Amino acid sequence: MVDDYPILTVLPPVIAIALVLITKRVLLSLGSGVVASALLVAGFNPLETLSLVWNAFRVIFWDEGAVNTYYVFILVFTLLLGIIAALIMMSGGTRAFSDWAVERIHTRRGAKILPAVLGIVIFIDDYFNALAVGQVARPVTDKHNVSRAKLAYVVDSTSAPVAVLAPFSSWGASIIGIMAPIVASSALVVSDVEAFLGAAAMNYYAIVAVLMVWVTVMLHVEIGPMRTEERRAITAGRTFNPDEIIPGELAEDLPVHHPGSKRALIIPFVLLVVGVLGGIIWTGYQGGGSWDVLSIFANTDVSLSLLWGGGLGLAAALYYYLRYTTANPKFSPSTLGLGFWEGIKSMMPAVSILLLAWMLGDLIGQLGTGQYLGDLVNHAAVPPAWLIPLMFCLAGAMAFSTGTSWGSFGLLLPIAGQIMNSVDGGAELLLPAFGAVLAGAVFGDHCSPISDTTILSSTGSGANVMTHVTTQLPYALVSAAIALLGYVVFALTINGLVGLLATLGFLALGALAAKTLLTPLEEEIPTEEQAERVQA
């Protein structure tokens, strides 16, 4: 049936995404998408459908006769972060760091700047960024009544959008590896890094998404559902809806040592970062046999590196827990076990969502959803320059439907290269085409409720997944509209710099309009009341 009606390949992701938006029940929606995908792949044979569903689950843990370390290590790292957060909270580190930060960060704007800066500084890997930045910044943003949804937006918008622009990141090295043979077969005479930087300069969406974070932080621009979340955080002091399922949220009745030390939070997370960076460098060297930076990032094992960092962070968190709580009569060996269990339990919603999202991605791959959308680009009968905005749109649709930016650009970058290398004057459009594909892939992934980075960003920030999706969506759509206008300008002028300047100009006009038309929420509440809430 799928062979006769290939448009059916987009049905399972559409079902999953529609159900998520309508029911707000992520697990039910993802499960429905998994079953729909398996039914189509199996030709509606019930036994084959069950076999496909089981196999999609099995390969997450065991594939080709060995443990699937990529997925397993990410799951273990997610659970380790939950345990680390629980031990840090119980040792008093979270409260101590929050008290220390509040003495130095006196405004909500300052609280939002913290994750924005950390998100840009920690550009090595989007998974690590998504989970770690939210964990570090959350005590400060909670203290200043910044909504968890706002924190998740800042974290998500400075993870993949930053990683895709950095050549020396897990993204950059992989993208260079895909682009290099395509560029080599073209008429362009540029190095691999120059080609990447040229494509990055044409990645209008990632550039706008990062700048949009700073517009919203500095100008207090809140639109759509985010305005509701921020209003509740400011007026009621609740940074999230207690009726929602919050991944990464620890039980309130866990015992907490007082007074704690901010070192109990800072040292574990510093060692976590050091462990991940060290793991990336060492596994990259082991895989490539060279200390060349690009070789290291191209051959690194990110999931194993995350596990190394998680192990170091856990060891440090456990040390400070034992150091500060040994003499406290409220703590016992069973209390430590409770901390481990609560840390694991806090991450189980995220683990469940990740498992179903990965299963759906595997079955969608077998169904050929990405290939179908890629063929639409390949057969589009439009002038070459106008393929640039078209590729942006289709890459966005593909990533949104499949929940993976990597799968989208992994398929579309070679197609873009094939098209541009086969038309007259296509060489000058090759890097812009790459930039548009990467931009669309990040955009679609940014919006998709079945994206793993969406799930991990909400987990690290302690936000409900669907709340994060619905509050981030308006900002992502505005950023995408601005980027699309930039690509249209490029198609009209065939000048990347003009297109980029037009994009930045549209962003500036949008920021000016928002500043003029929207009243910052902070101005709707008396300053004295805000100060009292922060001090409470």
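Values in this document were obtained by computation on a predicted structure and should not be read as measured data.

Attention now moves to the nonpolar core. Inside soluble globular proteins, nonpolar side chains tend to come together where they are buried. By size, the foremost hydrophobic cluster in this structure holds 71 residues, and its most contacted members are Phe-128, Leu-272 and Leu-306. At 13 residues, helix H17 (residues 333-367) tops the list of elements feeding residues into this core. Setting aside anything within four residues of it in sequence, one finds Leu-272 in contact with Phe-77, Leu-81, Ile-84, Phe-128, Gly-309, Gly-310 and Gly-313. By size, the runner-up hydrophobic cluster in this structure holds 51 residues, among which are Phe-196, Tyr-204, Met-420 and Phe-490.

It is worth spelling out helix H3 (residues 46-61) at this point. The terminal C-alpha atoms of H3, which comprises 16 residues, lie 24 Å apart, in line with the 22 Å expected from a rise of 1.5 Å per residue. All buried positions along H3 are accounted for by Thr-49, Leu-52, Ala-56, Val-59 and Ile-60. The buried residues of H3 occupy an angular sector of 115 degrees when the element is viewed end-on, so they sit on one face. Structural note: H3 exposes Pro-46, Leu-47, Leu-50 and Trp-54 on the side pointing more than 90 degrees away from its buried face. Buried residues in H3 make contact with helix H2 (26-41), strand E1 (62-63), helix H4 (69-90) and H17. The N-cap residue of H3 is Asn-45: its side-chain oxygen and the backbone nitrogen of Leu-47 are 3.1 Å apart.

With that settled, consider the packing of H2 against H3. Taken N-terminus to C-terminus, the directions of H2 and H3 make an angle of 125 degrees; their axes are 8 Å apart at the nearest point. Between H2 and H3, the crossing angle belongs to the class labelled oblique. Note that H2 runs across H3; the crossing there is right-handed. Every residue of H3 that contacts H2 at Val-34, Val-35, Ala-38, Leu-39 and Val-41 is listed here: Thr-49, Leu-52 and Val-53. Split by residue class, the contact of H2 with H3 holds seven nonpolar, one polar and no charged.

Once that is clear, we can look at the confidence of the model for the protein chain. Of the residues in the protein chain, 92% have a pLDDT of 70 or more, and the chain-wide mean is 84. Of all the helices and strands in the protein chain, helix H25 (residues 527-535) carries the lowest mean pLDDT, 50, while helix H23 (residues 465-493) carries the highest, 95.

Thresholds, definitions, all that
- Residues numbered from 1 in each chain as written.
- Predicted model: local features only at pLDDT ≥ 70, side-chain atom pairs only at ≥ 80, totals over all residues.
- Heavy atoms only, no water.
- Core = buried A, V, L, I, M, F, W, Y, C linked by side-chain atoms within 4.5 Å.
- Buried < 20%, exposed > 50% of the residue type's maximum accessible area, 1.4 Å probe, protein only.
- Helix = DSSP H or I, 4+ residues; strand = E, 2+ residues; numbered from the N terminus.
- Contact = heavy atoms within 4.5 Å.
- Expected span 1.5 Å × (residues − 1).
- Arc of directions from axis to C-beta.
- Polar contact = N/O pair within 3.5 Å; in protein donor to acceptor, adjacent residues only side chain to side chain.
- Axes fitted to C-alpha atoms, helices over the stretch in contact; angles between N-to-C directions.
- Parallel < 35°, antiparallel > 145°, perpendicular 65-115°, else oblique.
- Left-handed = near helix turned anticlockwise from the far one by under 90°.
- Nonpolar A, V, L, I, M, F, W, Y, C, P; charged D, E, K, R; others polar.
- pLDDT = per-residue confidence, 0-100.

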